[in-house]
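Results of the structural survey
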Amino acid sequence: MMMHEPPNLVGLRGRLSHRVSLAKYTTWRAGGIADSLYLPADRDDLASFLRQLTVFEAVTVLGLGSNTLVRDGGVRGTVVVMHNPGAALAVMDGLVYADAGAASPKLARFAATHGCVEAEFLAGVPGTVGGALAMNAGCYGGETWRYVVRVEVLTRKGVFVVRTPADYAIGYRSVRRADGAALDGIFTGAWFRFPQGDATKARARIKDLLARRIATQPLALPNAGSVFRNPPGDHAARLIESCGLKGYAIGGARVSEKHANFIVNPRGGAKAADIEALIAHVRETVRMHTGVELEQEVRVVGEAA
Ligand SMILES: Cc1cc2nc3c(=O)[nH]c(=O)nc-3n(C[C@H](O)[C@H](O)[C@H](O)COP(=O)(O)OP(=O)(O)OC[C@H]3O[C@@H](n4cnc5c(N)ncnc54)[C@H](O)[C@@H]3O)c2cc1C
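Residues numbered from 1 in each chain as written. Predicted model: local features only at pLDDT ≥ 70, side-chain atom pairs only at ≥ 80, totals over all residues. Heavy atoms only, no water.

Focus: the side chain of Asn 223
On the secondary structure map, Asn 223 appears in the loop between α4 (199–216) and α5 (236–242). Since its relative accessible area comes to 11%, Asn 223 is described here as buried. Engagement of the side chain of Asn 223 in a polar contact is seen with the backbone oxygen of Leu 221, the distance being 2.9 Å. When sequence neighbours within four positions are dropped, the list of residues in contact with Asn 223 reads Thr 27, Trp 28, Pro 218, Phe 262, Ile 263 and Val 264. (Helix = DSSP H or I, 4+ residues; strand = E, 2+ residues; numbered from the N terminus. Buried < 20%, exposed > 50% of the residue type's maximum accessible area, 1.4 Å probe, protein only. Polar contact = N/O pair within 3.5 Å; in protein donor to acceptor, adjacent residues only side chain to side chain. Contact = heavy atoms within 4.5 Å.)

What to know about the site of the ligand
In the vicinity of the ligand, 35 residues are found, and the nearest of them are Gly 63, Ser 66, Gly 138, Arg 213 and Arg 299. One nitrogen or oxygen atom from the main chain of Val 61 is found 2.8 Å from an oxygen atom belonging to the ligand. Separating an oxygen atom of the ligand from a backbone N or O atom of Asn 67 is a distance of 2.9 Å. Going through the elements one at a time, β3 (59–62), α3 (129–135), β8 (138–139) and β14 (186–192) are the ones with two or more residues in the shell around the ligand. The biggest single contributor to the shell around the ligand is α3, with 5 residues. Residue composition of the shell around the ligand, grouped by class: 16 nonpolar, 15 polar and 4 charged. (Near = heavy atom within 4 Å. Nonpolar A, V, L, I, M, F, W, Y, C, P; charged D, E, K, R; others polar.)

Here's the deal with α4
Between its first and last C-alpha, α4 extends 26 Å over 18 residues, near the 26 Å set by a 1.5 Å rise per residue. Buried within α4 we find Ala 199, Ala 202, Ile 206, Leu 209 and Arg 213. Projected down its long axis, α4 carries its buried residues within an arc of 80 degrees, all on one side. In α4, those exposed residues whose orientation departs by more than 90 degrees from the buried face are Thr 200, Lys 201, Lys 207, Ile 214 and Ala 215. Looking at the buried side of α4, the elements it contacts are α2 (104–113) and β8. Here α4 starts with a cap whose side-chain oxygen sits 2.9 Å from the backbone nitrogen of Thr 200, and that cap is Asp 198. (Expected span 1.5 Å × (residues − 1). Arc of directions from axis to C-beta.)

Re the packing of aromatic side chains
Summed over all chains, the structure comprises 8 aromatic pairs. One aromatic cluster is present, formed by Phe 121, Tyr 147, Phe 192 and Phe 194 through successive ring pairs. Stacked on the ring of Phe 160, the Lys or Arg Arg 43 has its end atom at 4.0 Å from the ring centre. Its end group placed over the ring of Tyr 168, Arg 177 keeps NZ or CZ at 6.0 Å from the ring centre. (Phe/Tyr/Trp six-rings, centres within 6.5 Å; stacked < 30°, edge-to-face > 60°. Lys NZ or Arg CZ within 6 Å of the ring centre and 35° of its normal.)

What about the sheet that holds strand β15 (residues 249–250)?
The antiparallel open sheet is built from 3 strands, whose spatial order is β15-β16-β17. On the outer flanks of this sheet lie β15 and β17 (263–264), each paired with one strand and no other. Strand direction decides the pairing type here: strand β16 (residues 253–255) and β17, joined by 2 bridges, are antiparallel. Looking across to β17, one finds that Val 255 is bridged to Ile 263. Packing against the sheet, helix α6 (residues 272–290) makes contact with β15, β16 and β17, and its axis sits at approximately 30 degrees to β16. (Pairing = 2+ DSSP bridges. Axes fitted to C-alpha atoms, helices over the stretch in contact; angles between N-to-C directions.)

Thoughts on unusual backbone geometry
Positive phi, normally seen in glycine, also occurs at Glu 118, with a value near 85 degrees. Note that Glu 118 resides in the loop between α2 and α3. Taking the relative accessible area as the measure of exposure, Glu 118 reaches 36% and is therefore partly exposed. At Asn 136, a position not held by glycine, the phi torsion is positive, near 50 degrees.

Considerations on the environment of Val 159
Tracing the backbone through its elements, the reader meets Val 159 in the loop between β10 (148–154) and β11 (160–163). For the pair Val 159 and Ala 47, spaced 112 residues apart in sequence, the C-alpha separation works out to 6.9 Å. Not counting the four nearest positions on each side in its chain, Val 159 is found in contact with Val 153 and Leu 154.

Focus on the pattern of salt bridges
Scanning the model with the defined rule gives 15 salt bridges in all. Between Glu 295 and Arg 229 there is a salt bridge, with the nearest N and O atoms lying 3.5 Å from each other. Here Glu 295, found in the loop between α6 and β18 (299–301), pairs with Arg 229, found in the loop between α4 and α5; they are 66 residues apart in sequence, far enough to count as distant. Linking Lys 246 and Glu 241 is a salt bridge whose minimum nitrogen-to-oxygen distance equals 3.4 Å. For Lys 246, a relative accessible area of 30% puts it in the partly exposed group. The class of Glu 241 is partly exposed, set by a relative accessible area of 43%. Connected through shared salt-bridge partners, Asp 35, Arg 76 and Glu 303 make up one network. (Salt bridge = Lys/Arg side-chain N within 4 Å of Asp/Glu carboxyl O.)

Some thoughts on the pairing of β14
Within β14, 7 of the 7 residues are buried, which leaves it mostly tucked inside the rest of the structure. Sheet analysis places β10 next to β14, joined by 6 bridges and oriented antiparallel. By the bridge assignment, Val 153 is partnered in β14 with Phe 187.

Next up, the structure:
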């Protein structure tokens, strides 16, 4: 096996480290190591980083890892972690701008504070704005791309381009290039247009939506939200529960008793392989009992151990 050659780069302001466990960079708190991991200082620093990487270096992007399973064998090449607690949020020309590394709940609160409504749904999506763009995250009737005016994307070669929704084919938890190709580049920022409204009501709605989540989701245990997309006209959780799978466990991974479409890692000791085997078991059981083929919403990256 060829050893990974750590990139030797100059003039960077971010943090580059090697052989880093990705468990703490995903909300499932499971998975293997990244050969290299880069925490960019900002968008320009990330551009400089990408320009210095050879074209042979594989690059994988993570936001807050709240929709991602990293396999136990880890990720070859460099993982870029976009989440940045200092990420910028701003109001400009009637639009709300967010760096891709900002947490979505921060964007929701920022928008509400500035008299915008309908961004409240993002308060309960515990990822980054970049992750919300890549997934077209949504809930409670809201969906990320409904409000996007334009995005800034950094290509693998380190060049910034600005795109609009017309450049994408956008669907339920799905975003592709307009020609159907998979997403390319890294989202570095986005401009949103949210309707103007009552800031007090928006803040109250955020409170209400978060309370609903606490009541219905196993938020105290490591998880990655809904594992499967809802099939048309139905709910994955209902189908899984109807098969008696609540509480079913493989290794350290368990189907949540509180919400059947969540898989939890209650003692923090689950292998990614346990989680993946449980996902496969749930899909197969639901298919056998109901005839419905559930589609995975969570993304799986890396190699098996
Ligand atoms: C408790 C809980 C509740 C959740 N509820 C919801 C919900 O209601 N609705 C919903 O839609 N989701 C929900 N999720 C799933 C998840 O939070 C969202 O999909 C979120 O948008 C993912 O953001 P992230 O930054 O964590 O992405 P990650 O998991 O880090 O990445 C997900 C994908 O996006 C890509 N990506 C991330 N950042 C970028 C970027 N800057 N540029 C290009 N690609 C990028 C990654 O490569 C990967 O393919 C929930 C998760 C949890 C844990």
